[in-house]
Amino acid sequence: MSSRSSSSAPTSGAPESVLGAMAPPGQAPPHPVPASAPLAHGQAPELALDPAPDQVLAGLAEAVARRRNFAIISHPDAGKTTLTEKLLLYGGAIQQAGAVKAKGEQRKVTSDWMELEKQRGISITSTVLQFDYAGSTINLLDTPGHQDFSEDTYRTLAAADNAVMLEDAAKGLEPQTRKLFEVCRMRQIPIFTFINKMDRPGREPLELIDEIEKELNLACWPVNWPIGSGDRFRGVIDRRSKQVILFARAERGKQSVERTLAWNAPELAELVEPDLLALALEELELLDGAGADLDMELVHAGELSPVFFGSAMTNFGVRPFLDVFLELAQKPVARQSSQGAIDPLRPGFSGFVFKLQANMDPRHRDRVAFVRVCSGKFEKDMTVQHARSGRSIRLSRPQKLFGQDREVVEDAYPGDVIGLNNPGMFAIGDTLYVGPRIEYEGIPCFSPEIFSWLRNPNPSAFKSFRKGVNELREEGAVQVLYDTDQSKRDPILAAVGQLQLEVVQYRLEHEYGVETRLEALGFTVARWVIGGWPALETVGRIFNCKTVRDAWDRPVLLFKNQWNLNQLSEDHPDLQLSAVAPVVSGVEPIAL
């Protein structure tokens, strides 16, 4: 479990407008606690649960059944942000979709709110977009598209019940998609595949399906099949209903014009070139001959992927995808915790923090904790327990987020994501709950690949420098390491890609008013020492690596390359190293 710095922990004087009433451990929480056995040292008092009437459980079950929650995974430039915008357009959440690279008077993209994103035409933060469509409430967990921010995507996938794997029809599977697919497989998340950019020259559909099945070992079941491709892309055939959906280009940013006909309708001969329709029907016969069925158990286990074809840019195939996705996607499911699997219909509210974001509203210098609701009903002003600290907290200003926009939310259900103002109380992985104590599984940190000293050339700005570094570390924007020589106070930034470091510098300058310098360190591999400092001391002196401390004062070894790591492992076979940081709980991190 991640933890918070004691230097910024809230005091009894924390403003009620931010967190509401808080009671330190050992004092009575705002709600009465029933008489019970004495509490062990450090154990949080448990809140009583009122008996849940049948109608309350029925309302909770109905709300859970209505919800669908998903994240989009893709390689950069596959069209993730464009697809996100078009899903919002069809869901009625926006009236006109923007393009990623704004030209002329085009609208800016709703899901990209950071100024740097607008300048570069990329997604480097993650946010939450909730909208209603066809009787369902959809929570789209928007993730960074840039590969340098894959760890932020890992964290977001921890909060997702489904994933949409977006693939470029010309390029097929790409490295970032493969990497994120493995995370989905590890978590057994159902995967829906959308093959994008069918309106451009690309590879054959059968070849794309075959590549997914062979290279990812993921069975595919095409829900629809394309008629033509490139500038001859005319529409798709729905495999289950045998209906043909033809698309016509619409005004930029608007929904495309669709026409639905039976696959053997006579007028099809006038609307679609005969050779295109004949080829599509022939390929469908091949698929049917394979004998595979759409097995929902396999879909929800992440072993069978429903596949869709379309073009997000021209809106072709977006609505058919959204309709079928709502039908087939997994509703909110049980989550593993310290007390086993927690059912969404458990009457007491519970949830966990999967992301922190600072300065979403630069005017107010705010910090927001994104909380995935896992069980029960969340209500504004409710008092919850903070599992790590044992404190009681009243959540008086919960927010529903839509890109940078937000509004106060009165209630939320499993599958929803709420934003909580964070004056330093929350950390990534924290569990909030009502009733018997539970704690959800932590979210691990992964091995960074580039390392740089972060220098502050202006000593008079140290206070702002320290504040910025500490808050950005909390977010998980980068990992922060420290030299074992305590006289060297400058932090070491550790990241997956160079863009992460550039974003930290940009945000320190524009959000905290601090200019910084980066000095690269010649290392590419990091490993945590299992057993900590005692295990490292047992080994004695080691060579060809640098020993540093992470934010939880654990030893991390930095290597110039994989060869140096292999050499150390051969020289000291008893020294156990891990590429994933151990999940911590109950330990306060080092503050700069």
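Computed from a prediction, not measured in an experiment: that's the story for all the values here.

Side note on the overall build of the protein chain
Then step 1. Helix and strand counts for the protein chain come out as 15 helices and 34 strands.
Then step 2. The proportion of buried residues among the 592 residues of the protein chain is 56%.
Then step 3. Within the protein chain, counting contacts between residues at least 6 apart in sequence, those at least 24 apart form 73% of the total.
Then step 4. In the structure as shown, the protein chain presents an accessible area of about 24800 Å², 49% of it carried by carbon and sulfur atoms.

Digging into the pairing of strand 30 (residues 525-529)
Then step 1. Most of strand 30 sits out of view: 5 of its 5 residues are buried.
Then step 2. Of the two faces of strand 30, the one carrying Val 525, Arg 527 and Val 529 and the one carrying Ala 526 and Trp 528 are both buried.
Then step 3. Relative to strand 33 (residues 577-578), strand 30 runs antiparallel, the two sharing 2 bridges. When the sheet's bridge partners are listed, Val 529 is paired in strand 33 with Leu 577.

Points about the packing of aromatic side chains
Then step 1. Summed over the entire model, instances satisfying the criterion amount to 12 aromatic pairs.
Then step 2. Between Phe 192 and Phe 325, the aromatic rings sit 4.9 Å apart at their centres with planes inclined by 75°, giving edge-to-face as the arrangement. Placement of Phe 192 in strand 6 (residues 191-196) and of Phe 325 in helix 11 (residues 318-328) is noted, with a sequence separation of 133 residues between them.
Then step 3. Seen from their ring centres, Phe 308 and Phe 321 are 4.9 Å apart, and the 85° between their planes marks the pair as edge-to-face. Here Phe 321 lies in helix 11 and Phe 308 lies in strand 12 (residues 304-309), a separation of 13 residues in the sequence. Residue Phe 308 shares its accessibility class with Phe 321, and that shared class is buried.
Then step 4. Among the aromatic side chains, those forming a connected cluster through ring pairs are Phe 70, Phe 192, Phe 194, Phe 308, Phe 321 and Phe 325.
Then step 5. One residue, Arg 239, lies across the ring of Trp 221, its end atom 4.2 Å from the ring centre.
Then step 6. In this structure, Arg 473 is placed above the aromatic ring of Trp 552, and the distance from its NZ or CZ to the ring centre is 5.6 Å.

Focus: the environment of Gly 317
Then step 1. Here Gly 317 lies in the loop between strand 12 and helix 11.
Then step 2. Here the alpha-carbon distance between Gly 317 and Met 198, two residues 119 residues apart in the chain, equals 9.6 Å.
Then step 3. Once residues within four sequence positions are removed from consideration, Gly 317 is found in contact with Phe 194, Phe 247, Phe 309 and Gly 310.

A few points about the packing of helix 12 (residues 462-475) against helix 13 (residues 498-512)
Then step 1. Their axes nearest at 10 Å, the elements helix 12 and helix 13 cross at an angle of 125°. Classified by the angle between their axes, helix 12 and helix 13 sit oblique to one another. In the crossing of helix 12 with helix 13, the sense of the turn from one axis to the other is right-handed. Mapping the contact onto sequence places Ser 464, Phe 465, Lys 467, Gly 468, Val 469, Glu 471, Leu 472 and Glu 475 in helix 12 and Val 504, Arg 507, Leu 508 and Tyr 512 in helix 13.
Then step 2. In the contact of helix 12 with helix 13, the residues fall into 6 nonpolar, 2 polar and 4 charged.

Some details on the packing of helix 3 (residues 80-90) against helix 11
Then step 1. Packing of helix 3 against helix 11 brings their axes to within 10 Å, and their N-to-C directions diverge by 75°. Viewed along their axes, helix 3 and helix 11 adopt a mutual orientation that is roughly perpendicular. Seen from helix 3, the contacting residues are Leu 83, Lys 86, Leu 87 and Tyr 90; seen from helix 11, they are Val 318, Arg 319, Phe 321 and Leu 322.
Then step 2. Residue composition of the contact of helix 3 with helix 11, grouped by class: 6 nonpolar, no polar and 2 charged.

As for the nonpolar core
Then step 1. Ile 227 and Phe 426 are the most contacted members of the largest nonpolar core, which totals 80 residues.
Then step 2. Of the residues forming this core, the biggest block, 6 residues, is contributed by strand 16 (residues 367-375).
Then step 3. Counting residues in hydrophobic clusters, the runner-up holds 30 residues, among them Leu 87, Leu 140, Val 299 and Leu 304.

Re the environment of Tyr 433
Then step 1. Note that Tyr 433 resides in strand 24 (residues 431-433).
Then step 2. Taking the C-alpha atoms as reference points, Tyr 433 and Phe 378, separated by 55 residues in sequence, lie 9.8 Å from one another.

A closer look at the environment of Phe 192
Then step 1. By relative accessible area, which is 0% here, Phe 192 ends up buried.
Then step 2. For the pair formed by Phe 192 and Val 299, sequence separation is 107 residues and the distance between their alpha carbons is 8.5 Å.
Then step 3. Look past the residues within four positions of Phe 192 in its chain and what remains in contact with it is Asn 162, Ala 163, Val 164, Met 165, Val 299, Ser 305, Pro 306, Phe 308, Phe 321, Phe 325, Leu 328 and Ala 329.

Considering helix 15 (residues 562-571)
Then step 1. Among the residues making up helix 15, those that are buried are Asn 564, Leu 565 and Leu 568. Buried residues of helix 15 fall within an arc of 100° about the axis and therefore sit on the same side. Turned more than 90 degrees from where helix 15 packs its buried face, Trp 563 and Glu 570 sit exposed.
Then step 2. Contacts from the buried residues of helix 15 go to strand 30, strand 32 (555-559) and strand 33.

Re the confidence of the model for the protein chain
Then step 1. For the protein chain, the mean per-residue pLDDT works out to 80, and 79% of the residues sit at or above 70.
Then step 2. Within the protein chain, the element-level pLDDT minimum falls on helix 1 (residues 16-19), averaging 37, and the maximum on strand 6, averaging 97.
Then step 3. Note on residues 1-48: pLDDT under 50 across the span, and 109 contacts to partners over four residues away in sequence or across chains.
Then step 4. pLDDT under 50 marks residues 97-126. Its contacts with residues more than four places away, or in other chains, come to 88 contacts.

Side note on unusual backbone geometry
Then step 1. Located in the positive-phi region is Gln 188, a residue other than glycine, with phi close to 55°.
Then step 2. Mapped onto the elements of the fold, Gln 188 is located in the loop between helix 6 (175-186) and strand 6.
Then step 3. Notably, Asp 553 is not glycine yet its phi reads approximately 60°, a positive angle.
Then step 4. By secondary structure assignment, the location of Asp 553 is in the loop between strand 31 (546-549) and strand 32.
Then step 5. Judged by relative accessible area, which is 37%, Asp 553 ranks as partly exposed.

What about the sheet that holds strand 8 (residues 224-227)?
Then step 1. An order of 8-9-10-11 is seen for the 4 strands of this open sheet, with the pairing classed as antiparallel. On the outer flanks of this sheet lie strand 8 and strand 11 (257-262), each paired with one strand and no other. Averaged over all pairs of adjacent strands, the angle between their axes in this sheet comes to 25°, without regard to strand direction.
Then step 2. Across 4 bridges, strand 8 lies against strand 9 (residues 235-238) in antiparallel orientation. Each residue of the ladder has a partner; that of Pro 226, found in strand 9, is Val 236.

Some points on the sheet that holds strand 32
The strands making up a sheet associate through backbone hydrogen bonding, with each pair oriented either parallel or antiparallel.
Then step 1. The strand order 29-26-28-27-31-32-30-33 describes an open sheet built from 8 strands, whose pairing is antiparallel. On the outer flanks of this sheet lie strand 29 (517-521) and strand 33, each paired with one strand and no other.
Then step 2. Examined bridge by bridge, strand 26 (residues 450-455) and strand 29 share 5 bridges and lie antiparallel to one another. Pairing of Ser 452 across the sheet is with Ala 520, part of strand 29.

Procedures and definitions
Residues numbered from 1 in each chain as written. Predicted model: local features only at pLDDT ≥ 70, side-chain atom pairs only at ≥ 80, totals over all residues. Heavy atoms only, no water. Helix = DSSP H or I, 4+ residues; strand = E, 2+ residues; numbered from the N terminus. Buried < 20%, exposed > 50% of the residue type's maximum accessible area, 1.4 Å probe, protein only. Contact = heavy atoms within 4.5 Å. Areas by Shrake-Rupley, 256 points an atom, 1.4 Å probe, with all protein chains shown as cover. Pairing = 2+ DSSP bridges. Phe/Tyr/Trp six-rings, centres within 6.5 Å; stacked < 30°, edge-to-face > 60°. Lys NZ or Arg CZ within 6 Å of the ring centre and 35° of its normal. Axes fitted to C-alpha atoms, helices over the stretch in contact; angles between N-to-C directions. Parallel < 35°, antiparallel > 145°, perpendicular 65-115°, else oblique. Left-handed = near helix turned anticlockwise from the far one by under 90°. Nonpolar A, V, L, I, M, F, W, Y, C, P; charged D, E, K, R; others polar. Core = buried A, V, L, I, M, F, W, Y, C linked by side-chain atoms within 4.5 Å. Arc of directions from axis to C-beta. pLDDT = per-residue confidence, 0-100.

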